[in-house]
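Each chain, written out:
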Amino acid sequence: MKFFWTWARQKSAAHPEISGSEGCWIRATDGAQILDAMSSNFQAAFGHSCAPVKTAIHRQIDEMPLASPKHNFALKRTVSEKLCALVQSGPGRIFFTVSGAESVENALKMARQVTGRPLVVARSKSYHGATMGAMSVTGDWRGQGHFGVQASTIRIPEPADDPDLVATRQIIADAGPQNIAAMCLETISGMNGVIIPPMSWWQGISALCREHGILLIVDEVSCGFWRTGAPLALHHYGLKPDFVCMAKAISAGYVPFGALWASETVASYYDQQVLSAGLTAYAHPVGLAATNAVLDLLKDGSFQSQLRNVSARFGQLINQLRAHHRVKTTRWIGMMAAIDLEPGPAISQESAWRHGLHIAIKDETIILAPPLVTDEATMDEMFKRLRALLE
């Protein structure tokens, strides 16, 4: 092969052959129909053939397929306003990107510039992206082995290991809060096991940030856009962050796109200071068109009604799995779940594929994040195949 396989040893990388996709299904080259139980990688939240998004992309390519980052036009203004309204955290501005990693990257740059402080706090078990800055705050194996700025990152324990933030407070005190620019945290983690912090933990984090003038960066790349049953996962906790990092489902995954929301307090700093950040594809019109269609779809009454019903069914089926002899415990919110397994025969993405499922496996945990447009019959079929896999 004349290209690399991501996150894998090249000689042993799994790479199932596909020939197409439609709805919630992926078509293998041998004709097998694979149920996408992971929304590809969280991004295909509206399935593989969402008509409103596809139509918006086609129309935009015909009308204006690209623009300079410095051009001003109506769609750019409209999508910015809609994204600010989605965040619901007061006045703010949008910095457009083409990925979640770049959203995080620019949040880190701005936080350090605005505060003049060098350090960033991140969780031990976390993933924030594959660029050098985003990797520096990534706590899992994907952030290791790179000569980045990891020395400027302070690790705090997982919520379950430090629910009252006793150890976290001590870590911040030892580092000197006057040296800490920001905390960069996934609101609800995705690929590291759908970790859902309790309200009290997030309240404590917010209080720490206010006490010490530390900026709060929330990473909504995997858990945003109604994935958890709210517009953004931060809304479950009533958070008022300084930055919100968005990508993946923002454009249904059909166009590489992302966005960073910054509070007006942060943004106004650059009214008199140079914002030394930018991208060639900043506010790309095709990405804006896809995002605009996604934001309109999220407000559609029939979509919301369908989402409530299928989310309830998803939760019922997850709860029923708890009685299975291979299942140790489950975690579920909205349309994402983690299934921790008891010891037994190994389950892999390859074996899941043979059972007609595209899922994620992290250590001994199965992670599910089916498209938000999955209907109840397809959801039942998904869990039928999952039970066969577990057996």
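Look a little higher up for the structure.
Below or above, wherever it landed, is the structure these notes cover. Source: prediction; values computed, not measured.

Details of the pairing of strand 12 (residues 336–341)
On a regular strand, each side chain points to the face opposite its neighbour's, so the side chains alternate between the two faces of the sheet.
Next, step 1: Across the six residues of strand 12, six count as buried, placing the element largely inside the fold.
Next, step 2: Here strand 12 shows two buried faces, one formed by Met336, Ala338 and Asp340 and the other by Ala337, Ile339 and Leu341.
Next, step 3: As judged from the six bridges shared by strand 11 (residues 327–333) and strand 12, these two strands associate in the antiparallel manner. In the strand pairing of strand 12, Arg331 is matched with Ala338.
Next, step 4: What sits between strand 11 and strand 12 in their antiparallel hairpin is a turn of two residues, with Gly334 showing a positive phi close to 60 degrees.

A closer look at the sheet that holds strand 6 (residues 153–156)
Next, step 1: Pairing within the open sheet is mixed, and its seven strands lie in the order 4-10-9-8-7-5-6. Two strands bound the open sheet, and with one partner strand each, they are strand 4 (92–97) and strand 6. In this sheet, neighbouring strand axes are inclined to one another by 20 degrees on average, regardless of whether the strands run parallel or antiparallel.
Next, step 2: Relative to the sheet, helix 2 (residues 74–87) contacts strand 4, strand 9 (243–246) and strand 10 (258–263), its axis offset from that of strand 4 by approximately 115 degrees.
Next, step 3: On the sheet, helix 6 (residues 199–212) packs against strand 5 (119–123), strand 6, strand 7 (180–186) and strand 8 (215–219) and is oriented at approximately 165 degrees with respect to strand 7.

Remarks on the packing of aromatic side chains
Next, step 1: Taken as a whole and judged by the stated rule, the model has ten aromatic pairs.
Next, step 2: Ring centres of Phe95 and Tyr282 lie 5.1 Å apart, and the angle between their planes is 65 degrees; this geometry places the pair in the edge-to-face category. Here Phe95 is found in strand 4, whereas its partner Tyr282 is found in the loop between helix 7 (264–267) and helix 8 (285–298), with 187 residues between them in sequence. Like Tyr282, Phe95 is buried.
Next, step 3: Ring centres of Phe96 and Phe257 lie 5.8 Å apart, and the angle between their planes is 35 degrees; this geometry places the pair in the tilted category. You can see Phe96 sitting in strand 4 and its partner Phe257 sitting in the loop between strand 9 and strand 10, a full 161 residues away along the chain.
Next, step 4: The exposure class assigned to Phe96 is buried, which follows from its relative accessible area of 1%.
Next, step 5: Overall, the relative accessible area of 3% leaves Phe257 in the buried class.
Next, step 6: Pairwise contacts between aromatic rings join Phe95, Phe96, Phe257 and Tyr282 into one cluster.

What counts and how
Residues numbered from 1 in each chain as written. Predicted model: local features only at pLDDT ≥ 70, side-chain atom pairs only at ≥ 80, totals over all residues. Heavy atoms only, no water. Buried < 20%, exposed > 50% of the residue type's maximum accessible area, 1.4 Å probe, protein only. Helix = DSSP H or I, 4+ residues; strand = E, 2+ residues; numbered from the N terminus. Pairing = 2+ DSSP bridges. Axes fitted to C-alpha atoms, helices over the stretch in contact; angles between N-to-C directions. Contact = heavy atoms within 4.5 Å. Phe/Tyr/Trp six-rings, centres within 6.5 Å; stacked < 30°, edge-to-face > 60°.

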